[in-house]
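Coordinates in review
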Amino acid sequence: MNKTINQIALAVAVAFVPWVSSAATWVADYSVDADATYDDNFFMGEVEQDTVIYQLRPEATLSYVSPVAKSQFDARVALKRYSEFDQFDSEDPAFDWKNSYRTERSTWGINFGYSENSQRDAAELDTGNFDSNSIVETVYVNPSVSFDLTERDQLGISLNYTERDYDTNDFSDNENESIGLNWQHRINEVLSSTAMVSFSQYDADRQAVSANQTDYLQTTVGFIYQHSKAMTINGSLGHFETDSEAQLFFGPIVLVTDTESSGTLLQLGVSYSYEKDLFRFNLSRGLYPSSQGVVDERDTVGLDYEHQFSGRSTSGINISWHNSDSLLDERETVTLSPFYRYRLTEKLRLQTTYIFRSFDRESTATEVESNRIRVGLRYSF
């Protein structure tokens, strides 16, 4: 599958070159974010250790839009420094390049990306290992195409390839490849039905420790309901099946195990946007290829609310709950994050955020918490 994805990605990229290279006008945006964060439990341990995190993130965005084509290139680097734990200091570069091209009956797209990040930044949702200073390099490429079969029917094909490599042996280097088929039928002006089927292959390797391969199939049916101009409701229900082979290395001895599982996929989303208020709610149950060499089942509930008091002043709150059920462990995370933004000038914005985190790991039967206070400035050139 990897070879197929790369060939299709190359073909789509070549097709995009003529209009990108001939584009006469690109719009450029530049910005710099600078913030300081106090964290009272940096390692999310029973014994709390605090630190102050300083971050500077310059970013540049180049975009091009025509009646048939869109292209956006975003490059950034996050410079992080820790007052108490300088072994975690990092410079994390990243870029994303997103492209789409529209014909009379079809839309073609291809997205590329690369990033370097501290693995501990994803510890809440991934492994729960907050002590590692491992850096993960992530590369992805996502070509896609959708066809307007009729005035009411749309068929889409998507290919996805993601590779994650770690600079320590604390985690499993992994690749995830998938191919998906999506169909949407517009029943009337406010209601559409959807269907999706995808097949994925996940390969993970941890040198001298383990090598795993998981094939998984996902199918869903759902709906999109445009309740009003301000509110959209969407949902889906489905089924998944996984087939995993795990190899554990004990010197010259290799232990091989095969595991099959199945379960339910679920997604429900509500979005509301009217005048000065923005509200989003999401409930889901799905699969997540982790850095532990396994594909986890994950339940997620998220709620976001934002209110604009004036042209300068905005406040809101983000709430999320995650529960990851793995063959290795079960983990639960709760995050509560109210924020306030204020536009000081046309180009300068102040943002303050409070972040409460709770992390519970079943294997150790311990629940830990942390509090973060962040103050930052964003300057747009």
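Bear in mind that the values here come from a model prediction, so they are computed numbers and not experimental data.

When the pLDDT values of the protein chain are averaged, the result is 91; 93% of them are 70 or greater. Here residues 2–9 scores under 50 on pLDDT; set against residues more than four positions off or in separate chains, the count is 14 contacts. Low pLDDT, under 50, characterises residues 14–23; the predicted model gives this stretch 18 contacts beyond four residues in sequence or across chains.

Here the focus is the environment of Ser 313. Mapped onto the fold, Ser 313 is located in strand β15 (residues 313–325). Judged by its relative accessible area of 9%, Ser 313 is buried. In this structure, the C-alpha to C-alpha distance between Ser 313 and Ile 179, residues 134 residues apart in sequence, is 44 Å. In this structure, Ser 313 is in contact with His 307, Gln 308, Tyr 340, Arg 341 and Tyr 342, ignoring residues within four places of it in sequence. Engagement of the side chain of Ser 313 in a polar contact is seen with the side chain of Tyr 340, the distance being 2.8 Å.

With that settled, consider the packing of aromatic side chains. Here the structure, examined in full by the defined rule, presents 15 aromatic pairs. An aromatic cluster is present here, built from Phe 42, Phe 43, Tyr 82, Phe 85 and Phe 88 joined pairwise through their rings. Positioned above the aromatic ring of Tyr 288, the side-chain terminus of Arg 298 is 4.0 Å from the ring centre.

What counts, and at which threshold
Residues numbered from 1 in each chain as written. Predicted model: local features only at pLDDT ≥ 70, side-chain atom pairs only at ≥ 80, totals over all residues. Heavy atoms only, no water. pLDDT = per-residue confidence, 0-100. Contact = heavy atoms within 4.5 Å. Helix = DSSP H or I, 4+ residues; strand = E, 2+ residues; numbered from the N terminus. Buried < 20%, exposed > 50% of the residue type's maximum accessible area, 1.4 Å probe, protein only. Polar contact = N/O pair within 3.5 Å; in protein donor to acceptor, adjacent residues only side chain to side chain. Phe/Tyr/Trp six-rings, centres within 6.5 Å; stacked < 30°, edge-to-face > 60°. Lys NZ or Arg CZ within 6 Å of the ring centre and 35° of its normal.

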